[in-house]
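Coordinate analysis (summary)
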Number of protein chains: 2
Amino acid sequence: MTLHIGMVGLGRMGGNMAKRLARAGVAVIGFDPDADARAAFAAIDGCQSVDSLEEMVHALPPMRVVWLMVPAGEQTEATIAELAPRLHSEDVIVDGGNAFYKDSVRRAVDLASYGVRFVDCGVSGGVWGLENGYALMFGGSPAAAREIEPFAKILAPAADSGWLHCGPSGSGHFVKMIHNGIEYGMMQALGEGFALLKGKEDFELDVAAIAEMWRHGSVVRSWLLDLTADFLREDAELADVAPLVADSGEGRWTALEAIEQGVPAPVLSLALIMRFASQGKGEYADRLLSMMRNSFGGHKIEHTAEPSGKAK
Amino acid sequence: MTLHIGMVGLGRMGGNMAKRLARAGVAVIGFDPDADARAAFAAIDGCQSVDSLEEMVHALPPMRVVWLMVPAGEQTEATIAELAPRLHSEDVIVDGGNAFYKDSVRRAVDLASYGVRFVDCGVSGGVWGLENGYALMFGGSPAAAREIEPFAKILAPAADSGWLHCGPSGSGHFVKMIHNGIEYGMMQALGEGFALLKGKEDFELDVAAIAEMWRHGSVVRSWLLDLTADFLREDAELADVAPLVADSGEGRWTALEAIEQGVPAPVLSLALIMRFASQGKGEYADRLLSMMRNSFGGHKIEHTAEPSGKAK
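All values derive from a computational prediction rather than experimental measurement. (Residues numbered from 1 in each chain as written. Chains lettered and ligands numbered in written order. Predicted model: local features only at pLDDT ≥ 70, side-chain atom pairs only at ≥ 80, totals over all residues. Heavy atoms only, no water.)

Below, the discussion takes up the packing of aromatic side chains. For the structure on display, the rule yields 14 aromatic pairs over all chains. Judged by centre distance (5.6 Å) and plane angle (75°), the rings of F174 of chain A and F203 of chain B are edge-to-face. Note that F174 of chain A is positioned in helix α8 (residues 171-199) and F203 of chain B in the loop between α8 (171-199) and α9 (207-214), a pairing that runs across two chains. With a centroid separation of 5.0 Å and an interplanar angle of 35°, the aromatic rings of F100 of chain B and W253 of chain B are classed as tilted. Placement of F100 of chain B in the loop between β5 (92-95) and α5 (101-112) and of W253 of chain B in helix α11 (residues 249-261) is noted, with a sequence separation of 153 residues between them. (Phe/Tyr/Trp six-rings, centres within 6.5 Å; stacked < 30°, edge-to-face > 60°. Helix = DSSP H or I, 4+ residues; strand = E, 2+ residues; numbered from the N terminus.)

The next subject is the pairing of strand β6 (residues 117-124) of chain B. Residues and elements named next belong to chain B. Of all eight residues making up β6, eight are buried, and the element is well covered by its neighbours. Because side chains alternate across β6, one face comprises the buried residues R117, V119, C121 and V123, and the other comprises F118, D120, G122 and S124, equally buried. Pairing between β5 and β6: four bridges, direction parallel. Note on β6: the bridge partner recorded for D95 is D120. Remark: the β5/α5/β6 crossover connection has right-handed handedness. Note: β6 against strand β7 (residues 135-139), five bridges, orientation antiparallel. By the bridge assignment, S124 is partnered in β7 with A135. (Buried < 20%, exposed > 50% of the residue type's maximum accessible area, 1.4 Å probe, protein only. Pairing = 2+ DSSP bridges. Right-handed = clockwise from strand over helix to strand, strands pointing away.)

Okay, the relation of the copies chain A and chain B next. Rotating chain A by 180° and translating it 0.0 Å along the rotation axis places it on chain B, where the RMSD comes to 0.0 Å. Taken together, the turn and the small shift mark the pair as related by a two-fold rotation axis. Judged by C-alpha distance, S222 of chain A is the residue of chain A that lies nearest the rotation axis, at 1.9 Å. The overlap is high: 100% of the interface residues of chain A also sit at the interface in chain B, so the same surface is used on both sides. (Least-squares fit on C-alpha atoms with pLDDT ≥ 70 in both. Contact = heavy atoms within 4.5 Å.)

Attention now moves to the interface of chain A and chain B. Contacts between the two partners involve 65 residues from chain A, matched on the other side by 65 residues from chain B. Here chain A meets chain B over a buried area of about 5,600 Å², counting both sides, of which 77% is carbon and sulfur. Looking only at chain A, the three residues that lose the most surface to chain B are L196, F203 and V219 of chain A, adding up to 13% of its buried area. The interface formed by chain A and chain B holds zero salt bridges in total. If you list the elements that add at least two residues to the side of chain A that touches chain B, you get β7 (135-139), β8 (163-167), α8, α9 (207-214), α10 (223-234), α11 (249-261) and α12 (266-278) of chain A. Looking at side-chain class alone, the side of chain A that touches chain B contains 40 nonpolar, 20 polar and five charged residues. (Buried area = accessible area lost by both parts, 1.4 Å probe. Salt bridge = Lys/Arg side-chain N within 4 Å of Asp/Glu carboxyl O. Nonpolar A, V, L, I, M, F, W, Y, C, P; charged D, E, K, R; others polar.)

Attention now moves to the sheet that holds strand β6 (residues 117-124) of chain A. Residue and element names in this part refer to chain A. Reading across the sheet, the eight strands line up as β3-β2-β1-β4-β5-β6-β7-β8 and stay open at both edges, with mixed pairing between neighbours. Looking along the sheet, the strands with just one partner apiece sit at the ends: β3 (47-49) and β8. Looking at each pair of strands side by side, their axes are set apart by 25° on average, direction ignored. In terms of strand pairing, strand β4 (residues 65-68) meets strand β5 (residues 92-95) through four bridges, oriented parallel. Residue pairing across strands places L68 opposite D95, the latter belonging to β5. Most of the contacts of helix α4 (residues 74-83) go to β4, to which it runs at about 160°, and overall it touches β1 (4-8), β4, β5 and β6. Sheet strands in contact with α8 are β5, β6, β7 and β8, and its direction is about 15° off that of β6. (Axes fitted to C-alpha atoms, helices over the stretch in contact; angles between N-to-C directions.)

Mapping Q188 of chain A onto the fold places it in helix α8. Overall, Q188 of chain A belongs to the buried group, its relative accessible area being 17%. For Q188 of chain A, the contacting residues outside a window of four places in its chain are A271 and M274 of chain A together with V267 of chain B.

Residue and element names in this part refer to chain B. The phi angle at E204 is positive, at roughly 45°, despite the residue not being glycine. In this structure, E204 sits in the loop between α8 and α9. Phi at L238 is positive, roughly 60°, even though this residue is not glycine. Here L238 lies in the loop between α10 (223-234) and α11.

It is possible for side chains of opposite charge to pair when their charged atoms get near one another. Residue and element names in this part refer to chain B. Overall, the coordinates contain 42 salt bridges over all chains when judged by the stated rule. Note that E54 is salt-bridged to R86, the shortest N-O span being 2.8 Å. On the criterion of sequence distance, the pair formed by E54 in helix α3 (residues 53-59) and R86 in the loop between α4 (74-83) and β5 is long-range, its members being 32 residues apart. Looking at R86, the relative accessible area reads 31%, which means it is partly exposed. The partner of E283 in a salt bridge is R287, and the shortest N-O contact between them spans 3.5 Å. Pair noted here: E283 and R287 are both in helix α13 (residues 283-297), with a separation of four residues, about one helical turn. We classify E283 as partly exposed; its relative accessible area is 29%. Looking at R287, the relative accessible area reads 33%, which means it is partly exposed.

This is the structure in structure tokens:
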């Protein structure tokens, strides 16, 4: 019996996940608000696109599984609001986006009023997931979790590893949130370490060669180090890369979770805060410190090159 | 032609490295101040023990390579002081311990006055190195580095990976120091993340299963996570493990290096500081804060169970 799934959101993540499912013989019905994305998707073997969520519901055999890979927040909220009344009892919505876990707890309750089951699923693996498989961590009732297991076994790196039903609704996105919090800390640790290697100018260290060497037998070997070795091999100076790091929900939520639990997570929190600093959000404080040093000690103030305007 | 090497220090690291070399056909002459360690070593195939450094020098054919795996600091200093005058011109001392890189720069200069060449070599891999191989990062002149390459190719996970001549004297221990600094940050990030998983009591998360799942396809997959998954599988509560984390030189030196360079490494520094906190070194500050809260707000002071003594 052919497995069917509806995939909503055919971007970098959803599109690749659909491809991985289709390659394994799953019939994937895809929808994306963008017509070009739909057309590109329809050209993939085993994939069919539809022009609306309504049409998707009709195209899927019952007990429908609709997997959302849309941005967390308003778009997820709007998609679920449009989808829920069209689905039938026992159908399953999987939210594979990076939603805040408390939203997922609420959505599971809300959807239950339609008889629709909800699974919150954290997905890790980025653009490499298509080939390597994705780590999947999901939350929901045992019955609902069982419905998505056949898909998890295909999306994961192997049928018996890389996926987990973590617990009740919200727990999938909770575990993904903590995963990303750890990711922030690991990235910052690697970033700071390589900055100190680069900063030791008299040794003229080849940071690309060091990254590659550490991949073999060292304690810090990791997938993030593998990626770092790859891009440093191409360009170790990174002069063209702006020193500005975006942050997203999970890093902030992890820091807030630590405060809510009253459990110290200073490194995860500081890794987040260093991203704020990279975004220039600490500049007003720096200007203020510079003025204070001038006020009490007469220390020189450096002036900005641009004409004076509103300070960041 | 058989390769010969002298190994000084036959503990967990030196003993296993000697075994890995002997398995590959290297004739290993070993010395350890402890007679039992020497006897155990002599029983290994391809290994021979000697009763003094003097005897080791006589037992090795020229151009001698003597590899030290002794604790950094006084023991390394004393061993080199005893060994140097006994060695001959062009002989090589390799310090495979975790010495401070500035000591290694100084030792290379000091040993040059004896005509003895010095290679500082950071070794990573812990107790798993015997089977998996060690990551080796070494510093010294190109000629001296070439002398130890045949051994590096055996000790590393593979002949063509996991070892690197990083640069001049001191650079091997410098790179190892930064490696360990990164290790501190990664460990703390994982520790904090798992604490938040454990702290989310209403989800009753299986942290061992989560660690195992993350090993496959996630962004945080790493050797440290592999080890974590292994020990959590045996015991996820860790109730018998004292929450006290030792620190060693490299973590402190990394934080000092950041200050010396004037380059921010807040996460690596904080990971170190959290180990100090785990050692109870922050308790006087905590007592003080408790007293202040009592002083200005009348907040209750908790009293220690033990009779009053000298506060930590």
